[in-house]
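Structure at a glance
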Amino acid sequence: MEPIARALQNNSAFRSMCKPFANTWVKLSGYRRLGLRYDDLLREETPIMQEAIGRLNRKETDGRVYRQKRAFQLSLSHQELPYTQWTKPEDDYKYLQPLVEEVTAEFAERDAFNSMAVTRK
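Residues numbered from 1 in each chain as written. Predicted model: local features only at pLDDT ≥ 70, side-chain atom pairs only at ≥ 80, totals over all residues. Heavy atoms only, no water.

**Here we look at the pattern of salt bridges**
Enumeration over the complete set of coordinates arrives at 11 salt bridges. The salt bridge partner of Glu80 is Arg33, with a shortest N-O separation of 3.4 Å. Residue Glu80 is located in the loop between α4 (58-76) and α5 (97-114), and its partner Arg33 is located in the loop between α2 (12-29) and α3 (47-54); the two are separated by 47 residues in the primary sequence. On the basis of relative accessible area, Arg33 is assigned to the partly exposed category, the value being 32%. (Salt bridge = Lys/Arg side-chain N within 4 Å of Asp/Glu carboxyl O. Helix = DSSP H or I, 4+ residues; strand = E, 2+ residues; numbered from the N terminus. Buried < 20%, exposed > 50% of the residue type's maximum accessible area, 1.4 Å probe, protein only.)

Shown next as structure tokens:
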């Protein structure tokens, strides 16, 4: 499944076909209306995410917590931010995803090392 997903991601024709649907999904999901970024929506309960969040710099960590608290408060009061404060598409970059990929690779390497069979000659 992984090679198919990678092939589709690298296919420019497929990406250009999916781009309008992706933009529509982002608009309908409404997370930008609350001032959130995409990486703010990722589940935090896994050990990989916990490690990746722990590796964020102080500025990104503080921004993430602020955005989540503000979105929670807005959700409780059934409100949205004013249009001028919505997250702009250029501000919605993946700040956590590179760290998640790095930690995933490290965990896979650790598992491979721990499951290595040692034989005596």
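**What to know about the side chain of Thr87**
Inspection of the secondary structure assignment puts Thr87 in the loop between α4 and α5. A distance of 3.2 Å separates a polar atom in the side chain of Thr87 from the backbone oxygen of Gly35. For Thr87, the residues in contact, after removing those within four places along its chain, are Arg32, Gly35, Leu36, Arg37 and Asp92. (Polar contact = N/O pair within 3.5 Å; in protein donor to acceptor, adjacent residues only side chain to side chain. Contact = heavy atoms within 4.5 Å.)

**Things to note about the nonpolar core**
Met49, Ala52, Ile53, Leu56, Tyr95, Leu96, Leu99, Val100 and Val103 together form the largest nonpolar core, which totals 9 residues. Discounting chain neighbours no more than four positions away, the residues touching Tyr95 are Arg37, Asp39, Asp40, Leu56, Glu60, Arg64 and Arg67. Counting 7 residues, the second largest nonpolar core, distinct from the first, contains Leu36, Ala71, Leu74 and Leu81. (Core = buried A, V, L, I, M, F, W, Y, C linked by side-chain atoms within 4.5 Å.)

**A look at unusual backbone geometry**
In the Ramachandran plot, His78 falls in the positive-phi region, its phi being about 55° despite a non-glycine side chain. As for its placement among the helices and strands, His78 is situated in the loop between α4 and α5.

Coordinates in, geometry out; function isn't part of it.
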